Amino acid sequence: MRVTKRTNIAMRVLMFCAANTGRLVTKHEIAKKCNASENHLAQVINQLAQLGFLHTQRGRNGGLELGRPADQIVIGEIFRALEAPVPLAECFADVDNTCPLTNSCRLRTALTDAANAFYATLDPITLDALICDNVGLLNLLGPDGSCGRDTSKPELVTG
C-alpha cells in the first residue's frame, strides 16, 4: 500500500502541531520545517480542520493547533479518513472500473483484508506516541524539544 502525498503532509502537520502544543503555529512555519508547499498545506489543513483534527483561527494573530489532545488522535483514524477514498485497485472504484473479473476475482477480497490489516496496525498508535519521547523529532519540530505532555502526572505504561 502506498500512502498518498496528502496523508504524508497531513501527518507532518499534525506532528508539528503536537510538537508545538500550547501555541498557534502558522502554515509558513510548517512549510519551512516540513519541506512542504504552502499551497498543499492549505488544502490539507482545511481538510484536517473539517475532520476535527485541527482547530484554525483566522486573522492577524491566527494560526492552527490540534483540535483535540495528541493522545486522543488515533493514526488509523487519520489514515482511514484520508486514504479510504483512494481505491486500492481499479475494481474498487465506483466509476472507471472496466475490469471484467471484478465479480469473480478473489484478489479484491485479499486486498480488502490487507487494507484492513494495515489500518488495524495503525489503530493502537496515537499522535502522542509518535511525538513524545522522540527527542530527534522534537528537536526538529519543537521550539523547546518538548511535546506538551503534562510531565507532573506519571505515565501509564502498558505492554
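In this text, all values refer to a predicted model and were calculated from it rather than measured experimentally. (Residues numbered from 1 in each chain as written. Predicted model: local features only at pLDDT ≥ 70, side-chain atom pairs only at ≥ 80, totals over all residues. Heavy atoms only, no water.)

Bridge count between strand β1 (residues 54-57) and strand β2 (residues 63-66): four bridges; the pairing is antiparallel. Paired with Gln 57 across the bridge in β2 is Gly 63. What sits between the antiparallel neighbours β1 and β2 is a turn of five residues, in which Gly 59 has the positive phi angle 105°. (Pairing = 2+ DSSP bridges. Helix = DSSP H or I, 4+ residues; strand = E, 2+ residues; numbered from the N terminus.)

A few words on the pattern of salt bridges. Going through the model one piece at a time under the given rule, you end up with three salt bridges. Close ionic contact of Glu 29 with Arg 23 constitutes a salt bridge, the shortest N to O distance being 2.8 Å. Its relative accessible area of 23% is what places Glu 29 among the partly exposed residues. According to the relative accessible area criterion, Arg 23 is partly exposed, its value standing at 31%. Salt-bridge contacts for Asp 123 lead to Arg 80; the nearest nitrogen and oxygen are separated by 2.7 Å. (Salt bridge = Lys/Arg side-chain N within 4 Å of Asp/Glu carboxyl O. Buried < 20%, exposed > 50% of the residue type's maximum accessible area, 1.4 Å probe, protein only.)

So, on to the confidence of the model for the protein chain. This prediction gives the protein chain a mean pLDDT of 85; 82% of its residues lie at or above 70. Mean pLDDT across the elements of the protein chain bottoms out in helix α7 (residues 135-141) (87) and peaks in β2 (96). Throughout residues 150-159 the model reports pLDDT below 50, and contacts reaching past four residues in sequence, or to other chains, amount to one contact. (pLDDT = per-residue confidence, 0-100. Contact = heavy atoms within 4.5 Å.)

The next subject is the packing of aromatic side chains. A full pass over the atoms with the stated rule returns two aromatic pairs. Ring centres of Phe 79 and Phe 118 lie 5.9 Å apart, and the angle between their planes is 65°; this geometry places the pair in the edge-to-face category. Separated by 39 residues along the polypeptide, Phe 79 in helix α4 (residues 75-83) and Phe 118 in helix α5 (residues 107-122) bring together distant segments of the chain. Using a relative accessible area of 10% as the deciding quantity, one classes Phe 79 as buried. Exposure remark for Phe 118: the relative accessible area of 25% places this residue in the partly exposed category. Seen in terms of ring centroids, Phe 118 and Tyr 119 are 5.4 Å apart; in terms of plane orientation they differ by 65°. Their pairing is edge-to-face. Using a relative accessible area of 8% as the deciding quantity, one classes Tyr 119 as buried. Among the aromatic residues, ring-to-ring pairing joins Phe 79, Phe 118 and Tyr 119 into one connected group. (Phe/Tyr/Trp six-rings, centres within 6.5 Å; stacked < 30°, edge-to-face > 60°.)

It is worth spelling out the nonpolar core at this point. In globular proteins that are soluble, nonpolar side chains generally tend to be buried together. Within the largest apolar cluster, 37 residues are counted, with the highest numbers of intra-cluster contacts made by Val 13, Leu 48, Leu 54, Leu 66 and Leu 127. Put simply, the parts of the chain that give this core at least two residues each are α1 (5-19), α2 (27-34), α3 (38-50), β2, α4, α5, α6 (127-131) and α7. Counting residues per element, this core draws most heavily on α1, at ten residues. For Val 13, the contacting residues outside a window of four places in its chain are Ile 30, Leu 41, Ile 45, Leu 48, Leu 54 and Leu 64. (Core = buried A, V, L, I, M, F, W, Y, C linked by side-chain atoms within 4.5 Å.)

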